[in-house]
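What the coordinates show
What follows is each chain in one-letter form.
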Amino acid sequence: MILTGHEIEKQVNNGSIVIEPFDLSNLQPNSYDFHLGKYIKVYTNKILDPKKKNPVKEIEIPNEGLLLKPDELYLGMIEEKMGSKYYVPILRGRSSTGRLGLFVHITADLIDIGSINNWTLMLHSVVPVKVYAGMKIGQVTFWVPKGKIELYNGEYQGSLKPMESQSFKDYQD
Amino acid sequence: MILTGQEITKKVNEGSITIAPFYEDSVNPNSYNYHLSPELLVIEKSLDSRRETKYKKIVIPEEGFVLEPHKLYLGLTKEIIGSTKYVTSLIGRSSIGRLGLFLQITADLGQLGNSHKWTLEMHVVKRLKVYPNMRIGQVSFWVPFGENDYEYIDLYNSSNNPIVSKLYKEFKG
């Protein structure tokens, strides 16, 4: 079951869902629109390797916007801190950003229950597209789980900026 | 409703979900991490929906294989996965999405039915090395609503190899 907008609002008010800051104007019939934070990270290596720490450079999106180029991967962040210990979040783009050819995640839309963070976005565009800090870039939905809940306690917890892949930790003993 | 990690483990133990082999340490708060089989199909450059896809089959060596942008690869899960009671959804992991690897091309929804190894539709934004047996994606399980007594005629579920599109068979004459 997916939560309606009214239910999201109710659960935010009783503390079961975290969306900070929360503004009613972003509430949709069955999702909540989130915004793009101002920091972006880009990998600097030509070949990425999941077994290694891949170096990144950080960019601050200028006021005049940042042009995303196809063939490049940009790790962005959500301006809002979001998550829940009771519902499973799934994030995605908005139809308005999808129509511009912008991916906001790369086949990883499912968030672990208990991950309450400024989640990292995997930005990738089909055609060159300019993005701006603070723009409404995607939406989050909340789903009812079944079964005993064990909360997320992974390596991305507490991230306040876009966080590059920690997959190399899979290969550490 | 989406099953929590503990519920997935319970259903695997009871037999209503198949994940084989099953590793406890691959269970997430609300999904299970699947691994990459060494078999990989490198798909020809230009495709025609009316024709059978041509490809080159390779085995990913232990030292890894670099996936190139603008190309399509069909991979395979190491695990046999499926359920006749819960609906599967296969996606990537956030750690791998952050490296720009798509595991599905807008086709993440599985069907109720037989268990098998799943074909992965792999595509990278930047050059990325992949390794055999790496933890590459995640599968979630969803409670369906409604009668579930049909037999899904799956074009693909009889084999445990990556399988190219059979769309061409839908064209007559």
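Keep in mind the model is a prediction, meaning the values are calculated, not measured. (Residues numbered from 1 in each chain as written. Chains lettered and ligands numbered in written order. Predicted model: local features only at pLDDT ≥ 70, side-chain atom pairs only at ≥ 80, totals over all residues. Heavy atoms only, no water.)

Description of the interface of chain A and chain B
Each partner contributes residues to the interface: chain A has 47 residues there, and chain B has 40 residues. In this assembly, chain A packs against chain B so that about 3,700 Å² is buried in total across both faces, 60% of it on carbon and sulfur atoms. Summed over the three residues of chain A that lose the most area to chain B, namely Thr107, Leu110 and Lys146 of chain A, the buried surface amounts to 19% of that side. At the junction of chain A with chain B, the criterion picks out three salt bridges. When residues of the side of chain A that touches chain B are traced back to their parent elements, those giving at least two are strand 4 (47-48), strand 9 (88-93), strand 11 (120-125) and strand 14 (145-146) of chain A. When residues in the side of chain A that touches chain B are grouped by element, the largest group, three residues, is from strand 11 of chain A. Looking at the side of chain A that touches chain B residue by residue, the classes come out as 25 nonpolar, nine polar and 13 charged. (Contact = heavy atoms within 4.5 Å. Buried area = accessible area lost by both parts, 1.4 Å probe. Salt bridge = Lys/Arg side-chain N within 4 Å of Asp/Glu carboxyl O. Helix = DSSP H or I, 4+ residues; strand = E, 2+ residues; numbered from the N terminus. Nonpolar A, V, L, I, M, F, W, Y, C, P; charged D, E, K, R; others polar.)

Points about the sheet that holds strand 6 (residues 65-67) of chain B
On the basis of which strands lie adjacent, the open sheet formed by three strands has the order 4(A)-11(B)-6(B) and mixed pairing. With partners counted over all chains shown, the strands left at the sheet margins are strand 4 of chain A together with strand 6 of chain B, one partner each. Where strand 4 of chain A and strand 11 (residues 127-130) of chain B come together, two bridges link them in parallel fashion. By the bridge assignment, leucine 48 of chain A is partnered in strand 11 of chain B with leucine 128 of chain B. (Pairing = 2+ DSSP bridges.)

What to know about the pairing of strand 3 (residues 32-35) of chain B
Residues and elements named next belong to chain B. Side chains Tyr32 and Tyr34 project from strand 3 onto one buried face, and the interleaved Asn33 and His35 project onto a second face that is buried too. Where strand 3 meets strand 12 (residues 135-142), four bridges bridge the pair, whose relative direction is antiparallel. What sits directly across from tyrosine 32, in strand 12, is valine 139. (Buried < 20%, exposed > 50% of the residue type's maximum accessible area, 1.4 Å probe, protein only.)

Looking at the pattern of salt bridges
Inspection of every chain in the model, using the stated rule, returns 14 salt bridges over all chains. Between aspartate 49 of chain A and lysine 52 of chain A there is a salt bridge; the shortest N-O distance is 3.7 Å. Owing to a relative accessible area of 6%, aspartate 49 of chain A belongs among the buried residues under this scheme. In this structure, lysine 11 of chain B engages glutamate 14 of chain B in a salt bridge whose closest nitrogen and oxygen atoms are separated by 3.4 Å. With lysine 11 of chain B and glutamate 14 of chain B both in helix 1 (residues 5-14), this residue pair falls three residues apart, about one helical turn.

A look at the environment of methionine 82 of chain A
Residue and element names in this part refer to chain A. Locating methionine 82 in the fold gives a position in strand 8 (residues 81-84). According to the relative accessible area criterion, methionine 82 is buried, its value standing at 0%. Spatially, the C-alpha atoms of methionine 82 and asparagine 117 are 5.5 Å apart, while their sequence positions differ by 35 residues. Look past the residues within four positions of methionine 82 in its chain and what remains in contact with it is Val18, Ile19, Phe34, Ser115, Ile116, Asn117, Trp119 and Val140.

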